[in-house]
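Here is how the chains run, residue by residue.
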Amino acid sequence: MIGDKKVLFSGMQATGSLTLGNYLGALKNWVSLSDEYECFYSVVDMHSITVRQDPAELRKRARALLILYIAAGLDPEKNTIYYQSHVSAHAELAWILNCFTYMGELSRMTQFKDKSAKHGDNINAGLFTYPVLMAADILLYQADVVPVGIDQMQHLELTRDIAMRFNAIYGDVFTIPEAYVGKQGAKIMSLQDPSKKMSKSDENPNASVYLMDDPDTVRRKLKRAVTDSEGAVRYRDEQPGVKNLIDIYSVCTGKLPEEVEREFEGRGYGEFKEAVGEAVVSVLSPLQKRVKELEKEKEYIDTVIRNNAEKAEMTARRTLRKVQKKVGFPERVREREQK
Ligand code: TYM
């Protein structure tokens with residue numbers, strides 16, 4: 001708790017172009033939860049370097065992501081929006097937690113298996129211990145809730161296990177976080193292969209709607225989305241392409257899947273896809289407009305970056321000191337004198 005509010009933490013990687021999946025599965029929920037909780041939203045640039053990055057590009061994307069958080073409706077006066085790399089406590093706690101995490105647990109992470117298959121020439125130790133840094137992110141802020149898409153659930157389970165293991169040895173140090181997964185949109189699938197998730201790293205640009213795609217591109221991608229030969233707009237597992245489009249349409253319009261089925265009863269896929277395209281455009285257009293406005297407010301963004309990093313640092317340091325004391329690191333003389 002901070003004041004009378006529970007704490008929320010979440011983050012996104014500044015890697016690749018963000019997709020509609022990132023928005024509908026995570027960012028949109030962040031905005032709807034932000035009044036209720038004391039929130040920390042991080043641009044997790046330290047996670048990004050587990051895969052080789054171009055430095056100038058990473059810097060640019062990290063800033064664009066921070067701007068996107070604000071453009072999506074997160075008020076930086078009320079929420080702490082910051083770069084992970086600006087708060088060194090993340091790395092320090094991650095080291096300690098590494099010593100409470102087993103190789104076997106990390107080897108079972110599906111994201112590690114997928115990424116190491118994909119980047120066979122660079123299976124670095126950071127890629128392996130990635131979930132420990134994620135646990136540090138969450139536990140530093142004593143988060144009660146962590147809104148994520150389904151693909152991050154396994155990492156969240158591990159975070160809980162690490163926290164419980166630590167608490168069992170040292171007492172109640174960490175709050176045990178709960179995942180928050182939206183009823184819909186928690187796993188938006190590829191438009192070209194509805195058996196896999198929509199992903200920023202997909203090589204086929206038609207598989208994903210990127211948040212900065214212009215309206216015509218969005219419409220075209222949805223028109224080309226893979227469906228089936230049933231010819232009926234129905235929300236069922238046997239029609240994964242159509243189900244995914246219903247998910248997208250329902251999250252964008254706030255309608256339930258049953259309502260969408262009724263709306264499109266007896267109407268063809270062409271008409272349905274057109275409606276989905278329009279619904280997505282109506283969500284993305286205002287977001288893009290706000291991004292463009294904020295990009296021009298350089299000084300304002302710099303102030304947000306500075307103030308929020310300081311705010312995050314204060315909370316993070318408090319937990320870190322507590323943990324350092326628990327594990328037996330010597331007290332800093334200056335801090336002892338200040339008591
Ligand atoms: P990342 O950057 O891959 O994704 C950011 C968020 O978007 C969600 N997401 C999706 N949701 C629905 N459908 C999809 N197709 C889809 N693709 C992505 C993700 O579940 C995520 O919520 N390791 C994390 C970042 C992270 C983090 C954290 C998250 C680092 N530390 C602490 C929460 C708490 C990641 O790579 O997410």
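Bear in mind that the values here come from a model prediction, so they are computed numbers and not experimental data.

**Student:** Quick rundown of the packing of helix 10 (residues 240-253) against helix 12 (residues 269-296)? Include the residues and the values.
**Tutor:** Between helix 10 and helix 12, the least distance of the axes is 9 Å, while the angle of their chain directions is 40°. Between helix 10 and helix 12, the interaxial angle falls into the category oblique. Seen from above, helix 10 lies across helix 12 with left-handed handedness. Where helix 10 approaches helix 12, its residues V242, L245, I246, I248, Y249, C252 and T253 are matched on the opposing element by Y269, F272, K273, A275, V276, A279, V280 and V283. Its residues placed into classes, the contact of helix 10 with helix 12 shows 13 nonpolar, one polar and one charged.

**Student:** Account for the domain arrangement of the protein, naming residues and giving values.
**Tutor:** With domains assigned, the protein is organised as domain 1 (6-185 + 298-338) and domain 2 (215-293). A separation of 32 Å is found between the C-alpha centroids of domain 1 and domain 2. Tallying the contact residues gives 10 residues for domain 1 and 13 residues for domain 2. Each partner contributes to the roughly 1,000 Å² buried at the junction of domain 1 and domain 2, and carbon and sulfur atoms together form 77% of this total. At the junction of domain 1 and domain 2, the tally comes to zero salt bridges. Elements with a contribution of two residues or more to the side of domain 1 that touches domain 2: helix 1 (20-33) and helix 3 (55-71). For the side of domain 1 that touches domain 2, the class distribution of residues is seven nonpolar, two polar and one charged.

**Student:** So, the site of the ligand: which residues are in play, and what are the values?
**Tutor:** Taken together, 27 residues are adjacent to the ligand, and Y130, D137, G149, D151 and I188 come closest. Between the ligand and D137, the relevant distance is 2.7 Å, taken from a nitrogen atom to a side-chain nitrogen or oxygen of the residue. Contact between the ligand and M198: a nitrogen atom at 2.9 Å from a main-chain N or O atom of the residue. Here the ligand, which alone exposes 710 Å², has 97% of that area covered by the protein. Every element with two or more residues in the shell around the ligand is listed here: strand 1 (7-12), helix 1 and helix 7 (125-140).

**Student:** If you had to explain the packing of helix 1 against helix 10 to someone new, which residues and values would you point to?
**Tutor:** Close contact between helix 1 and helix 10 brings their axes to 11 Å; oriented N to C, the two are set at 50°. Here helix 10 runs oblique to helix 1, going by the angle between their axes. In this structure, the crossing between helix 1 and helix 10 has a hand that is left-handed. Counted together, L20, L24 and K28 of helix 1 and I248, V251 and C252 of helix 10 form the full contact between these two elements. The residue makeup of the contact of helix 1 with helix 10, split by class, is five nonpolar, no polar and one charged.

**Student:** Go over the packing of aromatic side chains, please, and point to the residues and values.
**Tutor:** For the structure on display, the rule yields 13 aromatic pairs. Centroid distance Y249 to F264: 5.6 Å. Interplanar angle 80°. Geometry classified as edge-to-face. Remark: F264 occurs in the loop between helix 11 (257-263) and helix 12 and Y249 occurs in helix 10; sequence separation between them is 15 residues. Side by side, Y249 and F264 carry an identical accessibility label, which is buried. Relative to F272, the ring of F264 has its centre 4.9 Å away and its plane inclined at 65°; by these criteria the two rings are edge-to-face. For F272, a relative accessible area of 0% corresponds to the buried category. Members of the aromatic cluster, joined through ring pairs, are F9, F40, Y82 and Y141. Taking the ring centre of Y235 as reference, the NZ or CZ of K243 above it sits at 5.2 Å.

**Student:** Lay out unusual backbone geometry in plain terms, naming residues and giving numbers.
**Tutor:** Even without being a glycine, Q142 presents a positive backbone phi close to 55°. Following the sequence through the fold, Q142 ends up in the loop between helix 7 and strand 4 (145-147).

**Student:** Provide a residue-level description of the pattern of salt bridges, including the pertinent values.
**Tutor:** Here the idea is simple: oppositely charged side chains can pair when their charged atoms come close. According to the stated counting rule, one finds 21 salt bridges in the structure shown. Residue K196 is joined to D202 by a salt bridge in which the shortest nitrogen-to-oxygen separation is 3.7 Å. Under the relative-accessibility criterion, D202 is labelled buried at 15%. The salt bridge involving K298 is made with D302; its shortest N-O contact spans 3.1 Å. With K298 and D302 both in helix 13 (residues 298-327) and four residues apart, this pair spans about one turn of that helix. The network of salt bridges with common partners includes E57, K60 and R61.

Cut-offs applied
Residues numbered from 1 in each chain as written. Predicted model: local features only at pLDDT ≥ 70, side-chain atom pairs only at ≥ 80, totals over all residues. Heavy atoms only, no water. Axes fitted to C-alpha atoms, helices over the stretch in contact; angles between N-to-C directions. Helix = DSSP H or I, 4+ residues; strand = E, 2+ residues; numbered from the N terminus. Parallel < 35°, antiparallel > 145°, perpendicular 65-115°, else oblique. Left-handed = near helix turned anticlockwise from the far one by under 90°. Contact = heavy atoms within 4.5 Å. Nonpolar A, V, L, I, M, F, W, Y, C, P; charged D, E, K, R; others polar. Domains from an automatic or database assignment. Buried area = accessible area lost by both parts, 1.4 Å probe. Salt bridge = Lys/Arg side-chain N within 4 Å of Asp/Glu carboxyl O. Near = heavy atom within 4 Å. Polar contact = N/O pair within 3.5 Å; in protein donor to acceptor, adjacent residues only side chain to side chain. Areas by Shrake-Rupley, 256 points an atom, 1.4 Å probe, with all protein chains shown as cover. Phe/Tyr/Trp six-rings, centres within 6.5 Å; stacked < 30°, edge-to-face > 60°. Buried < 20%, exposed > 50% of the residue type's maximum accessible area, 1.4 Å probe, protein only. Lys NZ or Arg CZ within 6 Å of the ring centre and 35° of its normal.

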